Structure formats: C-alpha cells, structure tokens
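The lines below spell out each chain.
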Amino acid sequence: TNSLIDLISLEKEKISTLFSFADLISENKLSFEKGFGKTGALLFFEASTRTRMSFETACARLGVYPLLLDGKAGTSLEKGETLEDTVLNVAAMKPSFLVVRSGDDLDLRDVARKLSMPVVNAGWGKVGHPTQALLDAYTIRKHLGTCEGQRVLIVGDVRHSRVAASHFELATKLGYEVALCGPKDFLPSTPTVKVFSSLKEGLEWASVAMALRVQLERHAIEYSLADYREQFGFTKKNLQSLSAQALIMHPGPINQGTELDSDILQDPRCQVLDQVSNGVFVRQALLHSILVEL
Ligand code: CP
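Residues numbered from 1 in each chain as written. Predicted model: local features only at pLDDT ≥ 70, side-chain atom pairs only at ≥ 80, totals over all residues.

Draft legend 1. Just the overall build of the chain, in detail. The helix and strand inventory of the chain stands at nine helices and nine strands. The C-alpha radius of gyration of the chain comes to 19 Å, within 12% of the 19 Å expected for a compact globule of 294 residues. Among the 294 residues that make up the chain, the fraction classed as buried is 44%. For the chain, restricting intrachain contacts to residue pairs at least 6 apart in sequence, the fraction spanning at least 24 positions comes to 74%. (Helix = DSSP H or I, 4+ residues; strand = E, 2+ residues; numbered from the N terminus. Rg over C-alpha atoms; globule rule 2.2 N^0.38 Å. Buried ≥ 20, exposed ≤ 12 C-beta atoms within 10 Å, placed from the backbone. Contact = placed C-beta atoms within 7 Å.)

If you want it as structure tokens, here you go:
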C-alpha cells in the first residue's frame with residue numbers, strides 16, 4: 001500500500017513530485033477533482049494542534065471528509081479496548097486512508113502490515129514524524145532554493161525527538177547535512193553525526209538552525225531552564241552567530257523563553273509560521289498522491 005510510516009522507503013523521485021505538487025497547491029495552480037465522496041480517518045491518540053489541523057485542512061481542500069478521533073477520552077479505549085483494536089475497527093469502516101498519531105504503545109508498522117489501506121504516520125512515539133521532516137525540507141527548499149548541501153543544526157532534545165529521527169532518514173536522501181548541539185544528556189549516546197559542544201560554533205556552521213522543544217518531562221536529571229536558555233536558547237544574543245541568510249526553524253509547540261525567545265518569531269530569518277503553512281501544502285500533496293493511486 002501507499003503507507004508513509006518512515007522516510008526510508010520513500011523514493012527521492014516521489015519526494016520531488018510531492019514538493020512540485022505542493023508548489024502548485026501553494027500557488028493555487030492545481031484544481032482538484034472535488035467530491036471524491038471519500039472519507040479519511042484521522043486518529044489522534046496524542047495531543048496535537050498543527051499536525052491534526054493541517055491534515056483536517058488538507059482533507060477539506062481535497063473534498064475528503066475527515067473522520068476525526070481526537071484524543072482517547074470518550075472512546076471505547078476507556079472501556080478497555082486496545083489501541084490496535086480501535087485502529088482496526090475504524091479501518092473496517094473503509095476510509096480511504098488512516099492518519100495516526102500515537103505513542104510507543106501502538107506498533108504502527110504492524111498495523112500498516114495488517115491493513116490493506118494506506119497508513120500515514122502523523123507522529124509516532126520517538127520513532128518518527130515523517131510529514132514534519134518533509135514540510136521542514138520543503139520550507140528549506142522554498143527559502144534556500146535546494147536542500148542539497150544545506151547544513152542543518154538541530155539544537156536541543158534530540159534524544160527524545162521523533163522530528164530529529166525523521167530528519168536523520170531524510171537528510172541522506174535529500175543531500176543535507178545534520179549536526180547536533182545540546183546538553184550531553186539530550187543527545188544520542190552514540191551520535192552518528194557531527195556534534196557541536198558550543199552553540200556559537202554550531203550556528204556559525206549552519207545554514208539552517210532548528211530548535212526542538214525541551215521535553216523536560218522525559219528527563220531524569222533536572223535542568224535549570226534559565227541555564228538552558230543562556231547556553232542553548234535561540235535568543236537575540238546567541239543568534240548573532242547565525243548568518244543573515246540562514247533560516248531559524250522550530251517544529252512547534254514552542255516553550256517560549258526556553259528554547260526560543262518570543263522576539264525571535266519576528267526575526268526575518270524565522271520561518272516557524274511558514275513551516276505551518278507549508279505543512280498543509282505538503283500533507284495535501286501527500287493525501288492527493290494517495291487518493292489518485294487508490
Ligand atoms: N509539530 C507538531 O507535530 O506539532 P503538533 O504536536 O501540534 O501537531
């Protein structure tokens with residue numbers, strides 16, 4: 001099936017086609033055959049604002065009715081049904097595709113294997129968030145012309161980040177380099193990419209600086225948020241080391257005043273809200289490619 005669970009199996013040519021479609025969508029140059037008369041199931045077992053609403057928007061613009069399961073409350077999970085059984089039961093209603101956000105308590109790969117319909121990973125535990133990495137790459141391509149040869153510095157909580165995990169998969173495919181910076185406890189124990197211990201040096205190297213949300217709830221050691229901001233935060237002072245042509249990104253949600261200061265959102269290099277706009281185009285292109293291949 002046309003599932004998107006990770007980026008390893010997504011061909012480079014397919015990514016290029018998706019991005020070209022996203023370009024046409026963003027320029028209002030693509031008319032869709034409306035009224036597919038189809039449904040798409042959006043199963044969000046974990047909290048989400050951007051991903052959920054951009055998939056809903058993408059469905060609405062494609063004329064596909066989104067069947068939304070928003071959180072576990074009010075579902076039969078409360079009566080003891082398993083997550084997998086919930087997904088299989090919704091799939092039995094024959095939507096055209098499933099979009100799933102879940103924690104590590106669901107094996108999305110196994111679910112996709114059991115179903116004969118496309119399953120799209122909308123953020124799965126720490127495993128990956130492929131559509132986020134795709135929209136990030138699309139944003140980089142839009143502003144810098146190409147992803148090829150870019151130097152992307154990911155700063156912060158890489159160890160718990162499904163966004164970073166998906167960038168590791170996508171970077172080799174699209175030819176950008178990823179490097180890391182953050183407290184030792186936030187980084188992979190055996191990093192496979194360049195690591196900068198100093199944010200200043202990392203920012204001097206980068207053409208894209210991407211901050212990640214600090215997921216303090218997942219750390220055993222207590223960190224001082226003030227120390228984190230001073231050392232690794234995207235503050236006006238720290239970002240002096242980043243070139244004027246570089247991009248500032250964050251997948252959201254942001255802990256303002258910790259990993260990124262609120263005034264940075266007005267920095268001309270900052271693309272945080274453009275990432276969100278591009279997320280709709282990329283997800284719409286992805287769902288469109290699924291629908292036309294059904
Ligand atoms: N970036 C992202 O996945 O945001 P949400 O959790 O709000 O969907």
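Draft legend 2. How the structure looks around the site of the ligand. As a matter of local geometry, the ligand sits amid Ser 48, Thr 49, Arg 50, Thr 51, Arg 52, Gly 123, Gln 132, Pro 251, Gly 252 and Pro 253. With three residues, the single largest contributor to the shell around the ligand is helix H2 (residues 50–62). Among the residues forming the shell around the ligand, the class breakdown is two nonpolar, six polar and two charged. Built from parts of two domains, the shell around the ligand gets at least three residues from each of domain 1 (12–126 + 276–292) and domain 2 (130–275). (Near = placed C-beta within 6 Å. Nonpolar A, V, L, I, M, F, W, Y, C, P; charged D, E, K, R; others polar. Domains from an automatic or database assignment.)

Draft legend 3. Quick look at the pairing of strand E4 (residues 119–124). Here E4 lies mainly inside the structure; six of its six residues are buried. Sheet topology places strand E3 (residues 97–102) next to E4; four bridges connect them, and they run parallel. Along E4, the bridge assignment pairs Val 100 with Asn 121. (Pairing = 2+ DSSP bridges.)

Draft legend 4. Representation of the pairing of strand E6 (residues 177–181). Sheet topology places strand E5 (residues 151–155) next to E6; five bridges connect them, and they run parallel. When the sheet's bridge partners are listed, Val 155 is paired in E6 with Cys 181. The parallel pair E5 and E6 is bridged by helix H6 (residues 162–174), and the resulting crossover is right-handed. In terms of strand pairing, E6 meets strand E7 (residues 194–196) through three bridges, oriented parallel. Bridge pairing in E7 links Cys 181 to Phe 196. (Right-handed = clockwise from strand over helix to strand, strands pointing away.)

Draft legend 5. Quick look at the sheet that holds strand E1 (residues 39–44). With parallel pairing, the four strands of this open sheet are ordered in space as E2-E1-E3-E4. The open sheet terminates on both sides in strands that have one partner only, identified here as strand E2 (65–70) and E4. Geometrically, the sheet is characterised by an average inter-axis angle of 15° between neighbouring strands, direction not taken into account. Pairing of E1 with E3 involves five bridges; the strand directions are parallel. (Axes fitted to C-alpha atoms, helices over the stretch in contact; angles between N-to-C directions.)

Draft legend 6. Region of interest: the sheet that holds E6. What the five strands build is an open sheet, ordered E7-E6-E5-E8-E9; its pairing is parallel. Strand pairing shows two members of the sheet lacking a second neighbour, E7 and strand E9 (247–249), which therefore form its edges. Pairwise comparison of adjacent strand axes, ignoring direction, gives a mean angle of 25° for this sheet.

Draft legend 7. Inspection of the domain arrangement of the chain at higher detail. Domains assigned within the chain are domain 1 (12–126 + 276–292) and domain 2 (130–275). When each unit is reduced to the centre of its C-alpha atoms, the spacing between domain 1 and domain 2 is 26 Å. The interface of domain 1 with domain 2 comprises 19 residues on the first partner and 18 residues on the second. Mapped by element, the contributors of at least two residues to the side of domain 1 that touches domain 2 are helix H1 (12–26), E4 and helix H9 (272–292). With seven residues, H9 is the largest single contributor of residues to the side of domain 1 that touches domain 2. Tallied by class, residues from the side of domain 1 that touches domain 2 come to eight nonpolar, seven polar and four charged.

Draft legend 8. Geometry of helix H5 (residues 130–144). Between the first and last C-alpha of H5 there are 21 Å, a value that for 15 residues agrees with the 21 Å anticipated at 1.5 Å per step. Most of H5 sits inside the fold, with 12 of its 15 residues counted as buried. Buried residues along H5 sit against H1, E4, H6, strand E8 (208–211), E9 and H9. The positive-phi residue at the C-terminal boundary of H5 is Gly 145, with phi of around 90°. (Expected span 1.5 Å × (residues − 1).)

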